[in-house]
Amino acid sequence: MPELPEVEALSAFLSERLTGRVIARVQPVAISALKTYDPPVTALEGLTVGPVTRHGKFLDIGAGGLHLVIHLARAGWLRWKEQLPAEPPRPGGRNPLALRVHLEGEAGDGFDLTEAGTKKGLAVYVVRDPAEVPGVARLGPDPLDPGFTLADFTALLHGERRRLKGVLRDQGVLAGVGNAYSDEVLHAARMSPYKVASSLTEEETARLFEALGGTLREAVERSRGLAAGELKAEKKSGLRVHGRTGQPCPVCGDTVREVSFADSSLQYCPTCQTGGRPLADRRMSRLLK
Ligand SMILES: [Zn+2]
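What counts, and at which threshold
- For every chain, the first residue of its written sequence is number 1, and the numbers climb from 1 along that sequence.
- Per-residue local features are limited, in this predicted model, to residues with pLDDT of at least 70; the limit for side-chain atom pairs, both in listing and counting, is 80 or more; totals at the level of whole chains, interfaces and linings are taken over all residues.
- Note that the side-chain values use all heavy atoms of the structure and ignore hydrogens as well as water.
- What is meant by a nonpolar core is a set of buried Ala, Val, Leu, Ile, Met, Phe, Trp, Tyr and Cys residues, joined one to another through side-chain atoms within 4.5 Å.
- Per-residue accessibility, obtained with a 1.4 Å probe over protein chains only, is compared with the maximum for each type, and a residue is labelled buried under 20%, exposed over 50%, and partly exposed between these values.
- Strands here mean DSSP runs of E at least two residues long; helices mean DSSP runs of H or I at least four residues long; both are numbered from the N terminus.
- Throughout, a residue-residue contact means that at least one pair of heavy atoms, one from each residue, lies within 4.5 Å.
- Two aromatic rings, drawn from Phe, Tyr or Trp (for Trp, its six-membered ring), form a pair once their centres lie within 6.5 Å of each other, and the interplanar angle then sorts them: stacked below 30 degrees, edge-to-face above 60, tilted otherwise.
- Given a helix with a known number of residues, its expected span is that number minus one, times 1.5 Å.
- Metal sites are built from N, O and S donor atoms within 2.8 Å, or 3.2 Å for Na, K and Ca, and they leave out water, so they may look incomplete.
- Here, a strand pair is defined by DSSP locating no fewer than two bridges between the strands.
- The axes are straight lines fitted to the C-alpha atoms, using for helices just the contacting stretch, and the angles between their N-to-C directions are given from 0 to 180°.

S.K.: Looking at this structure, I do not really get the nonpolar core. What am I missing?
M.R.: What tends to happen in soluble globular proteins is that the nonpolar side chains get buried as a cluster. By size, the foremost hydrophobic cluster in this structure holds 34 residues, and its most contacted members are Leu14, Leu18, Ile61, Leu68, Phe111 and Leu113. In terms of residue count, the dominant contributor to this core is helix H1 (residues 4-18) (six residues). Setting aside its immediate chain neighbours within four residues, Leu68 contacts Leu44, Leu59, Asp60, Ile61, Val101, Phe111, Val124, Tyr125 and Val126. Among the nonpolar cores identified, the runner-up in size contains 26 residues, and Leu4, Val177, Ala197 and Leu200 belong to it.

Here's what the structure looks like:
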């Protein structure tokens, strides 16, 4: 799933290609992805794009006072096409295409929104104000906002009884951090994902705040200038613990471990993060027996 750094890079990529261009045609293919009906998607046709921004993990393509807001979710992606086929796309079957946007001009360029797999999570909204999208309205502060300070972060964690792993990826607390980067931030901060947020000392809070900004800025830096098609591979290659179960920790060489849940898993390094003690995980202990 794309998180803050990938969506940031996608928005920069699109900003360069879309700003000032006119939307010629919008073709919804998977109707289930479309979450709004007023204004209709066709209201975007004939409007000039700008600006393209991001709210947490939501992409926001502005055009003539309207906003095409996109949440890629787990398996959604945006594919830039130098030349889109002229014939209308056919819905149904295993077609991963959810929405196609044609731009005006000779080139016939534009982009496709696609979604692989069966868990449909891709969501597309056409709104007059991005705050009309419930997921955008409830977003907490953006950790890369220059105005987001250690004092703000300290206030967010104050009285927070949940574990760090859950708090960091709660979009209502912080905008844009998901399962992958919460693992990475906790590894960089050398903290257990199970640590209760309100139990952090002043020093630990400062360390986590540094790790949060540092990890995300580094990832944004690595993704900058990459084409939409290259972002997924870049994200994967930049991760230190997330998705690397069984591989050596790049910091200390210990084996990266995982805790699995019904529909997700977290990865961590015992030496770096939990004083060398593996966290309880029934599935993992079965595997290691
Ligand atoms: Zn380690």
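Right, picking up where we left off after that structure.
S.K.: Honestly, the packing of aromatic side chains in this entry has me stumped. Any pointers?
M.R.: For any pair of aromatic rings, the description consists of the separation of the ring centres together with the inter-plane angle of the planes. Applying the stated rule across the entire model yields four aromatic pairs. Considering the side-chain rings of Phe13 and Trp80, the 6.3 Å spacing of their centres and the 85° angle between planes classify their relative orientation as edge-to-face. With a gap of 67 residues between them, Phe13 in helix H1 and Trp80 in strand S5 (residues 76-81) connect regions that are remote in the sequence. As far as burial versus exposure is concerned, Phe13 and Trp80 are alike and both buried.

S.K.: For this particular structure, what's the right way to read H1?
M.R.: It helps to recall that an α-helix has 3.6 residues per turn; residues three or four apart then point in one direction. With 15 residues, H1 should reach 21 Å at 1.5 Å per residue; the first-to-last C-alpha distance of 20 Å fits that figure. By the burial criterion, the buried members of H1 are Leu4, Pro5, Glu6, Val7, Ala9, Leu10, Ser11, Phe13, Leu14 and Leu18. Positive phi shows up at Gly20, right after H1, with a value of about 90°.

S.K.: I tried to follow the coordination of the zinc ion on my own but got confused; where do I start?
M.R.: A four-donor tetrahedral metal ideally has 109.5 degree angles, and a six-donor octahedral metal ideally has angles of 90 or 180 degrees. Donor atoms from the polypeptide that coordinate the zinc ion comprise Cys249 (SG), Cys252 (SG), Cys269 (SG) and Cys272 (SG), at 2.2 to 2.3 Å from the metal. Motif for the zinc ion, donor spacing along one chain: C-x2-C-x16-C-x2-C.

S.K.: What's the story with the pairing of strand S4 (residues 66-71) in this structure? I'm lost.
M.R.: On any regular strand, side chains alternate: one points to one face of the sheet, the next to the other face. Burial analysis of S4 places six of its six residues in the buried class, which makes it a mostly covered element. Alignment of strand S3 (residues 58-63) against S4, held across six bridges, turns out to be antiparallel. Across the sheet, the residue bridging to Ala63 is Leu66, located in S4. Following S3, the chain reverses through two residues before pairing antiparallel with S4; Gly64 in that reversal takes a positive phi of roughly 50°. Alignment of S4 against strand S8 (residues 123-127), held across five bridges, turns out to be antiparallel. Looking across to S8, one finds that His67 is bridged to Val127.

S.K.: Is there a simple way to explain the sheet that holds strand S1 (residues 23-28) in this structure?
M.R.: Either a parallel or an antiparallel arrangement is found when strands of a sheet pair, and the pairing is made through backbone hydrogen bonds. On the basis of which strands lie adjacent, the open sheet formed by four strands has the order S1-S6-S7-S5 and antiparallel pairing. In the strand order of this sheet, the two ends are held by S1 and S5, each with one partner. The mean angle between the axes of side-by-side strands here comes to 15°, regardless of whether they run parallel or antiparallel. Helix-sheet contacts for H1 involve S5, strand S6 (97-103) and strand S7 (110-115), and the interaxial angle to S5 is about 30°.

S.K.: How should I be thinking about the environment of Ala43 in this particular structure?
M.R.: Inspection of the secondary structure puts Ala43 in the loop between S1 and strand S2 (49-55). With relative accessibility at 29%, the residue Ala43 sits in the partly exposed group. Through-space distance from the C-alpha of Ala43 to that of Ile23 is 9.9 Å; in sequence the pair is 20 residues apart.

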